[in-house]
Amino acid sequence: MLAYNGAFVFSDEKGDMGGKHGFYAFDTRVLSDVRLMFDAKSVITVRKSFNESAAHYIGSVVLTRERVLRESYMERLTFRNATEGVQRVSFSYSFNVPMEDIFEVRGFKEGMEREVSIFRGEDDIRYAYRGVDGILRGLKVVSNMDFESGRFEADFELGPLEERTFWVEFRPYIEGRLPVRFVPGGKPLKNPVFSSREWLNRIFEKAVEDLNALTAFTEFGPVPLAGLPEFAAVFGRDSIITAYFLLPHFPEYALGVLRVLARFQGRREDRRRGEERGKILHELRLGELSQSGRAPFAPYYGTVDATPLYVMLAAEYLRWTGDSEPVESLRENLNLAVDWILEKLDEGDGYIRYSPGELGNQGWKDSRGAIPMKDGTPVRPPIALVEVQGYAYRALLEAGKITDHSKRELKVEAKALKKRFNNDFWLDGHYALALDGENRPSEVVVSNMGHLLITGIADHEREIAERLFRKDMFSGLGIRTLSSEEKTYNPFSYHNGSVWPHDNAIIALGLRKIGEMEKAFRLAMAVLNATRNLNYTLPELFSGIEKPAPTPRFNSPQAWGAASAFAFLRAILGLEAGKGLHVSPHLRGFEVHAEVAFGGERYRIRGFEGGYELIRITQG
């Protein structure tokens, strides 16, 4: 898979496209059904892995098929005669331009009939379609091959050891205004981490590669898109948590996320899209169905955790950078977010609650069936999730420092929330997953309570840490989303027993925050070690069994999965921002070198067993 600045190419190992494969841009499949054919037979692949290039044999001719994705998608086909005789080659390159909305490809929405116009110019071919949203989506195609009957063709001879290259370029374009403007020429990230363990280096290199693939360079700054192939979009929760994880190394992501989410913060009531004044979006889509209003995703607000997380990110950005001007410029947005939190607490009998809508649930475990009671039945709405109350508590405390909110005393509100939370959610051994509409607790044991450790709301932090490391929760490769002793447990499910790296990374940061250094180190190394058997990639999730294995459904690359590597590093090194940069490594058997940004300056840290070195390398 190739990805760049919000666009991506998804194909088989040969480079051909079938099924859901295609070239996607602006939440639209602009290219599909690509097939390279020789004498009515598909090319034979001799190299199994395929990303940017692959070699193939056609009789005595070697074909190198190279692909590049930047502002356009280009394929180069280089044929080399491997003999000292003359070889004749005849091939065709066929494709389709469907202009389909990504929700149609995924099967979430019924397909629409479209008439895509074709214009032949002297040097190019243009495909164009004006959607029901009034936006014209087009694809400009340029090639040095002959175009006949809707496909490119070539018939030629190669002399002894001769080579010849053909190419085709696909450039998508828009006429009309989309809500987010992508800008060209963004600077890719460079890996800031090096360790004495080669496998760890490979994990961080792959994490940076994945983050680069998922970065959209926008008018607001760099923004991480959630994941490929299904979630190449701005997601409130995912983008915030990814930026939160990256703050010690790449604070520009937090600033981009804060700005883009401020731009689309809820301003009115819209029940279909879940919009409410002050609320932070869940998902923003740019495709025809969403932009025309046929699907409610431009944007969709069906999440209850993004708004308090937004306030937390703003405070953390200020803590790490000392850059108060952007936070000052967002003061109105932060005040609106606090208003929303307080209003929901009032409406929800002291808790932030939700009733399922377009999505099955509205926390990070948003699939249907992810929030069960002990008997396996779904929790009845309106639902108060455990981690969301923790986020709200932390957001209220942070808002007291970074906003001028004066309607209510935020510390008093936070203190009252903490008191009733510990009375209602604590179950003598662990915290409930949720309260239902009648304040009955879901007694299942889940990973969600681990998120409380970064918020300070829990009176029983040590008990949380102990419970999460029992055998039914800790697989040896990470903490499961749901205990293996629960009725709905399935280690290959999406949310009921699998292991999510970002979930574990939040828990690791929380463990470190409460002083459980050994547990934080153990958890971080467990998940990172599991990644060694998953192609050194931190995916969206993997199975909850005791050996590394994928699940039937997962996205990879996934932004908060990749960014988890940096959160685990932060937990291991004990990186904290306050009046100064605090470092307290907990390492065994290896060294880690990392560059971090703090207070407008950059530092190089060398962490090792028993100590660290800290060197300032730039001055702001």
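First, a word on what this report is: a plain description of the structure on this page. (Residues numbered from 1 in each chain as written. Predicted model: local features only at pLDDT ≥ 70, side-chain atom pairs only at ≥ 80, totals over all residues. Heavy atoms only, no water.)

Here we take up the sheet that holds strand β26 (residues 592-598). Where strands meet in a sheet, backbone hydrogen bonds hold them as pairs that are either parallel or antiparallel. The strand order across the open sheet built from four strands is β17-β26-β27-β28, with neighbouring strands paired in antiparallel fashion. One side of each edge strand has no neighbouring strand; the edge strands of this open sheet are β17 (193-195) and β28 (611-618). Ignoring which end each strand starts from, the neighbouring axes of this sheet average 25° apart. Here β17 runs beside β26; their pairing, made up of three bridges, is antiparallel. Across the sheet, residue S195 finds its bridge partner in β26, namely V592. (Pairing = 2+ DSSP bridges. Helix = DSSP H or I, 4+ residues; strand = E, 2+ residues; numbered from the N terminus. Axes fitted to C-alpha atoms, helices over the stretch in contact; angles between N-to-C directions.)

Time to look at unusual backbone geometry. Note: most residues except glycine have negative phi, and most peptide bonds are trans. For the peptide bond that leads from A298 to P299, omega is -10°, which places it in the cis range. Tracing the chain through its elements places P299 in the loop between α5 (288-291) and α6 (306-321). Look at the link from P381 to P382: it is a cis peptide, with omega at -5°. By the element assignment, P382 lies in the loop between α8 (331-347) and β22 (384-385). With a phi close to 60°, L161 is a non-glycine residue in the positive phi region. Among the secondary structure elements, L161 is positioned in the loop between β15 (151-158) and β16 (163-175). Take L161: its relative accessible area is 61%, and that puts it in the exposed class. Positive phi values are uncommon outside glycine, yet N535 reaches one of about 60°. Residue placement: N535 occurs in the loop between α13 (517-531) and α14 (559-573). (Buried < 20%, exposed > 50% of the residue type's maximum accessible area, 1.4 Å probe, protein only.)

A few words on the nonpolar core. Core analysis: the biggest nonpolar cluster contains 169 residues, and Y431 and F566 have the highest contact counts within it. If one sorts the elements of this core by residue count, α14 sits on top with 12 residues. Non-local contacts of Y431, meaning those with residues more than four positions away in its chain, are made with V386, F421, N422, F425, W426, V444, M449, L452, A458, D459, H460 and I464. Ranked by size, the runner-up nonpolar core spans 45 residues in total, among them L2, Y93, M99 and L139. (Core = buried A, V, L, I, M, F, W, Y, C linked by side-chain atoms within 4.5 Å. Contact = heavy atoms within 4.5 Å.)

A separate point is helix α3 (residues 236-246). With 11 of 11 residues buried, α3 lies mostly within the body of the structure. Along α3, the positions that sit buried rather than exposed are G236, R237, D238, S239, I240, I241, T242, A243, Y244, F245 and L246.

Purely spatial values, then, with no claim about function.
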